[in-house]
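Below, each chain spelled out in residue letters.
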Amino acid sequence: LLVSAVRDGAGPGLLWCNETLHTVMAALGVEEDGGIVARGWWRIEAGACLRPELPQRTGKKVYSFAEAVDAAGAVIERKGKPLAWGGTMRLCVRNTRFEIGDHKDCTGRGLTAQGFAAIELAGRSGATMKFQEP
């Protein structure tokens, strides 16, 4: 029953579930003080779920980006494209652990811009992002 509740996203905040055969590295964007702060990376093993801690002042939306990686940490590709889950909100990331609040000119600052998916939390007890292969 407890495992089922975790998989169904019971509980507040965001739950990431890795339903692939690969390790997934995930990053989170949160609305703070009128802007978005992106943080990463969280490691989610194949078949596991993880609930990232959200700051108390988090807005009504969070943003999620994740990519599958091999044992050496390289991004796994399918049909010439990275095996990744995101959306249209472009936020800066880097290869190592990060916390970034300024998302202008990512490449000019030696960072990478990735598309994050917007997840509305207002009026919901929680949300689950399931990472699956296409």
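Scroll up to find the structure this text is about.
Residues numbered from 1 in each chain as written. Predicted model: local features only at pLDDT ≥ 70, side-chain atom pairs only at ≥ 80, totals over all residues. Heavy atoms only, no water.

Chemist: Would you mind going over the layout of surface pockets with me for this structure?
Modeler: The gaps of empty space that remain are located by a probe, the size of a water molecule, rolled over the atoms. Estimated volume of the largest pocket: approximately 310 Å³. Together, 17 residues line the largest pocket, and Met 25, Glu 67, Val 69, Gly 73 and Asn 95 are the ones closest to its centre. When contributions to the lining of the largest pocket are tallied by element, the ones reaching two or more residues are strand E2 (23-32), strand E3 (35-44), strand E5 (61-69) and strand E11 (112-120). Of the residues belonging to the lining of the largest pocket, the class tally is six nonpolar, six polar and five charged. (1 Å grid on protein atoms, 1.4 Å probe; cavity = no way out; pocket = protein on both sides within 12 Å on 5 of 7 lines; lining within 4 Å. Points joined across faces, edges and corners; volume = space filled by probe spheres on them. Helix = DSSP H or I, 4+ residues; strand = E, 2+ residues; numbered from the N terminus. Nonpolar A, V, L, I, M, F, W, Y, C, P; charged D, E, K, R; others polar.)

Chemist: Could you clarify how one ought to interpret the pairing of E5 in this entry?
Modeler: Within E5, eight of the nine residues are buried, which leaves the element mostly enclosed by the surrounding structure. Inspection of the sheet shows E2 paired to E5 by eight bridges, in the antiparallel sense. Note on E5: the bridge partner recorded for Ala 26 is Ala 66. Pairing of E5 with strand E8 (residues 84-85), which is carried by two bridges, proceeds in the antiparallel orientation. (Buried < 20%, exposed > 50% of the residue type's maximum accessible area, 1.4 Å probe, protein only. Pairing = 2+ DSSP bridges.)

Chemist: How should the sheet that holds strand E1 (residues 14-18) be read in this particular structure?
Modeler: Two modes of strand pairing occur in sheets, parallel and antiparallel, and in both the strands are linked by backbone hydrogen bonds. Pairing is mixed in the open sheet, where three strands are placed in the order E4-E1-E12. Edge positions in the sheet fall to strand E4 (49-50) and strand E12 (127-131), since each has one partner strand and no second. Here E1 pairs with E4 via two bridges, running antiparallel. Across the sheet, residue Trp 16 finds its bridge partner in E4, namely Leu 50.

Chemist: Help me understand the pairing of E3, please; the structure alone is not making it clear to me.
Modeler: Looking along a regular strand, one sees side chains alternate from face to face of the sheet. Counting buried positions along E3 yields seven of ten residues, so the element is predominantly enclosed. From the end of E2 to the start of E3, which pair antiparallel, there are two residues, and Asp 33 there has a positive phi angle of about 50°. In this sheet, strand E10 (residues 98-100) lies alongside E3 in antiparallel orientation, the contact comprising three bridges. Of the residues in E10, the one forming a bridge with Ala 38 is Ile 100.

Chemist: I would appreciate a short explanation of the environment of Lys 104 in the present structure.
Modeler: Mapped onto the fold, Lys 104 is located in the loop between E10 and E11. Considered as a pair, Lys 104 and Leu 91 are 13 residues apart in the sequence and their alpha carbons are 8.4 Å apart.

Chemist: Just to check I follow, could you spell out unusual backbone geometry for this structure?
Modeler: Generally, phi is negative for residues other than glycine and the peptide bonds are trans, each holding for most cases. Look at the link from Gly 40 to Trp 41: it is a cis peptide, with omega at 5°. Mapped onto the secondary structure, Trp 41 falls in strand E3. Not every positive phi belongs to a glycine, and Lys 79 is a case in point at roughly 55°. Here Lys 79 shows up in the loop between strand E6 (77-78) and strand E7 (81-82). A relative accessible area of 87% places Lys 79 in the exposed class. Positioned with a positive phi, Asp 105 is a non-glycine residue whose angle comes to about 50°. Relative to the elements of secondary structure, Asp 105 occurs in the loop between E10 and E11. On the basis of relative accessibility, which here comes to 52%, the residue Asp 105 falls in the exposed class.

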